[in-house]
Amino acid sequence: MRKLPGTSTLAVAFALTTLAACGGDEGATPGAMTQQTASEAGTMTLTGAGATFPYPIYSKWFSSYADLEPVRVNYQSIGSGGGIRQLTEGTVDFGASDAPMNAGELERAPGTLHLPTVVGAIAVTYNLPGVEETLKLNGAVLDAIFRGEIGEWDHPSIQSLNPGVALPDRDILVVHRSDGSGTTYVFTDYLSTVSPTWREMVGTGKSVDWPVGLGAKGNEGVTGQVEQTDGSIGYVEQVYAQQNELPMAAIENQSGEFVVPTLAATTAAAEGVASELTEDSSFGVSIVDAPGESAYPIAAWTYLLVPPNMPSCEKARALAELYEWALTDGSDMARETGYAPLPANLRELALERWQSVTCGPDSAPVLPAS
């Protein structure tokens with residue numbers, strides 16, 4: 001992406017009221033990155049809303065970029081469903097989602113671009129006092145647990161995957177998202193991929209009819225509920241489990257290897273799929289259950305959702321520059337936070353996709369022609 005003409009060096013500043021954002025579709029939340037009261041001349045505000053999955057890295061990116069340029073980002077971490085809703089209603093400059101928009105959503109916001117930012121992993125986390133070993137789980141067992149077919153931790157199917165581990169005679173409490181969630185989309189996409197039973201009975205979606213369990217809002221809510229409840233199990237973006245020092249299960253991949261959600265394992269899951277993408281490819285493709293001995297099987301990239309024509313050319317160019325900075329200068333920060341930067345070929349394709357974005361009443365190109 002070339003330096004944008006007519007745009008001063010741009011930066012993001014914002015006030016962060018709290019890191020503990022709530023999920024859901026209910027507009028502003030206590031966890032929103034809210035714009036500060038400011039009177040600096042020339043300061044611009046970009047508004048966005050959506051996924052909690054990438055919130056830890058987005059908050060760091062926006063905070064660091066704030067030292068560079070006079071642009072504020074007001075990002076509400078309310079869940080992918082809420083971000084898509086606000087984008088289609090035109091109340092934000094950009095949305096954020098871990099799940100591609102479906103046909104009905106695209107009818108209300110045709111041509112919306114899905115621009116990937118980072119790759120993350122969905123960790124299966126649990127609370128089992130006295131169990132120090134990392135639990136091994138596979139798709140069949142996870143399907144049975146989250147459908148309520150397996151309801152005790154010492155069930156033979158779990159014990160057979162963990163020989164020698166003293167599993168407790170304790171009921172399993174499933175914790176799942178209660179809001180429209182890209183994290184739920186990725187987790188149920190994985191279960192639908194590995195289990196025909198799950199695919200037929202529950203399916204894939206940002207919201208599903210959970211057969212059992214307790215709902216909580218946002219990755220933060222699920223993390224907190226698991227942390228507080230002995231015998232619980234849930235699914236959260238890996239960074240949330242890591243930051244709260246919760247255990248993460250090793251999940252069996254296509255090759256029969258049990259893999260924990262490390263940065264290397266998440267990168268391995270993305271690279272195989274990314275290598276097959278071309279300039280005409282849609283980025284809304286699944287990378288769950290990816291091939292490779294080292295690939296973690298519940299991984300996904302997360303997206304900014306950008307209108308094909310943005311009303312303000314100044315905002316469009318600011319967002320384009322911020323996006324380029326995040327994918328290049330911000331890549332080390334992503335690794336440090338626990339996210340994998342995009343594979344090189346996907347990064348270049350994503351930056352090139354900005355060539356199709358226009359702005360203003362005359363639909364002027366956001367970027368100059370190559």
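Please read all numbers here as calculations on a predicted model, not as lab measurements.

A separate point is the overall build of the protein chain. What the protein chain contains, in helices and strands, is 13 helices and 18 strands. A total of 370 residues make up the protein chain; the buried ones form 57% of that total. Carbon and sulfur atoms form 48% of the exposed surface of the protein chain, whose accessible area is close to 14300 Å².

Burial within strand β9 (residues 173–177) is extensive, with four of its five residues counted as buried. Sheet analysis places β9 next to strand β11 (residues 232–237), joined by three bridges and oriented parallel. Each bridged residue has a counterpart across the sheet, and for Val 174 the counterpart in β11 is Ile 233. With three bridges connecting them, β9 and strand β10 (residues 214–216) associate as parallel partners. Looking at β10, one finds that Val 175 is bridged to Leu 214.

Before going further, it helps to examine the state of the cysteines. Applying the stated criterion to the full structure yields one disulfide. The disulfide bridge from Cys 313 ends at Cys 359, spanning 2.1 Å between sulfur atoms. On the sign convention where negative means left-handed, the S-S torsion of about 95 degrees between Cys 313 and Cys 359 marks this disulfide as right-handed. Here Cys 313, found in helix α11 (residues 313–327), pairs with Cys 359, found in strand β17 (residues 358–359); they are 46 residues apart in sequence, far enough to count as distant.

On to the sheet that holds strand β12 (residues 250–252). Pairing is mixed in the open sheet, where three strands are placed in the order β8-β12-β13. At either end of the open sheet lies a strand with only one pairing partner, and these are β8 (136–137) and β13 (258–259). Here β12 runs beside β13; their pairing, made up of two bridges, is antiparallel. Residue pairing across strands places Glu 252 opposite Phe 258, the latter belonging to β13.

When two helices pack together, their arrangement is captured by the angle between the axes and the distance separating the axes. Where helix α4 (residues 139–146) meets helix α6 (residues 182–194), the closest approach of the two axes is 9 Å, and the angle between their N-to-C directions is 120 degrees. As α4 runs across α6, the sense of the crossing is left-handed. Two secondary-structure elements touch here, α4 through Gly 139, Leu 142, Asp 143 and Phe 146 and α6 through Phe 187, Tyr 190, Leu 191 and Val 194. A class-by-class count of the residues in the contact of α4 with α6 yields six nonpolar, one polar and one charged.

This brings us to the confidence of the model for the protein chain. This prediction gives the protein chain a mean pLDDT of 88; 88% of its residues lie at or above 70. Scored below 50 in pLDDT, residues 1–40 shows 126 contacts in the model against residues more than four places distant or in partner chains.

The sheet built from three strands is open, its strands ordered β15-β17-β18 with mixed pairing. Single-partner strands in this sheet number two, and they are β15 (309–310) and β18 (364–365). Alignment of β17 against β18, held across two bridges, turns out to be antiparallel. Residue pairing across strands places Thr 358 opposite Pro 365, the latter belonging to β18.

For the rest of this paragraph, the subject is empty space enclosed by the protein. Scanning the model with the defined rule gives two cavities of 30 Å³ or more in all. In this structure, the largest cavity spans a volume of roughly 90 Å³. Looking at the largest cavity, the residues that line it are Tyr 58, Trp 61, Phe 62, Phe 94, Thr 117, Leu 304, Leu 319, Leu 322, Tyr 323 and Ala 326. Those elements giving two or more residues to the lining of the largest cavity turn out to be α1 (55–65) and α11. Among the elements that take part in the lining of the largest cavity, α11 stands out by supplying four residues, more than any other.

Turning our attention to helix α13 (residues 344–352). If you check which residues of α13 are buried, you get Leu 346, Leu 349, Ala 350 and Leu 351. Considering only its buried residues, α13 is in contact with β7 (113–126), α10 (263–274), β14 (299–306) and α11.

Backbone geometry follows two general trends: most residues other than glycine have a negative phi, and most peptide bonds adopt the trans configuration. Although it is not a glycine, Asp 289 adopts a positive phi angle of roughly 50 degrees. Within the secondary structure, Asp 289 sits in the loop between α10 and β14. With a relative accessible area of 17%, Asp 289 lands in the buried category. The phi torsion at Ser 363 lies on the positive side, around 55 degrees, for a residue other than glycine. The topology assignment puts Ser 363 in the loop between β17 and β18.

A few words now on the packing of aromatic side chains. Scanning the model with the defined rule gives 16 aromatic pairs in all. An aromatic cluster is present here, built from Tyr 55, Tyr 58, Trp 61, Phe 62, Tyr 75 and Phe 94 joined pairwise through their rings.

Once that is clear, we can look at the pairing of strand β4 (residues 44–50). Burial analysis of β4 places seven of its seven residues in the buried class, the great majority of the element. The two faces of β4 match: Met 44, Leu 46, Gly 48 and Gly 50 on one face and Thr 45, Thr 47 and Ala 49 on the other face are all buried. With seven bridges joining them, β4 and strand β5 (residues 71–77) adopt parallel strand pairing. By the bridge assignment, Thr 47 is partnered in β5 with Asn 74. Regarding the hand of the β-α-β motif, the stretch spanning β4, α1 and β5 is right-handed.

Definitions and limits used
Residues numbered from 1 in each chain as written. Predicted model: local features only at pLDDT ≥ 70, side-chain atom pairs only at ≥ 80, totals over all residues. Heavy atoms only, no water. Helix = DSSP H or I, 4+ residues; strand = E, 2+ residues; numbered from the N terminus. Buried < 20%, exposed > 50% of the residue type's maximum accessible area, 1.4 Å probe, protein only. Areas by Shrake-Rupley, 256 points an atom, 1.4 Å probe, with all protein chains shown as cover. Pairing = 2+ DSSP bridges. Disulfide = S-S within 2.5 Å. Axes fitted to C-alpha atoms, helices over the stretch in contact; angles between N-to-C directions. Left-handed = near helix turned anticlockwise from the far one by under 90°. Contact = heavy atoms within 4.5 Å. Nonpolar A, V, L, I, M, F, W, Y, C, P; charged D, E, K, R; others polar. pLDDT = per-residue confidence, 0-100. 1 Å grid on protein atoms, 1.4 Å probe; cavity = no way out; pocket = protein on both sides within 12 Å on 5 of 7 lines; lining within 4 Å. Points joined across faces, edges and corners; volume = space filled by probe spheres on them. Phe/Tyr/Trp six-rings, centres within 6.5 Å; stacked < 30°, edge-to-face > 60°. Right-handed = clockwise from strand over helix to strand, strands pointing away.

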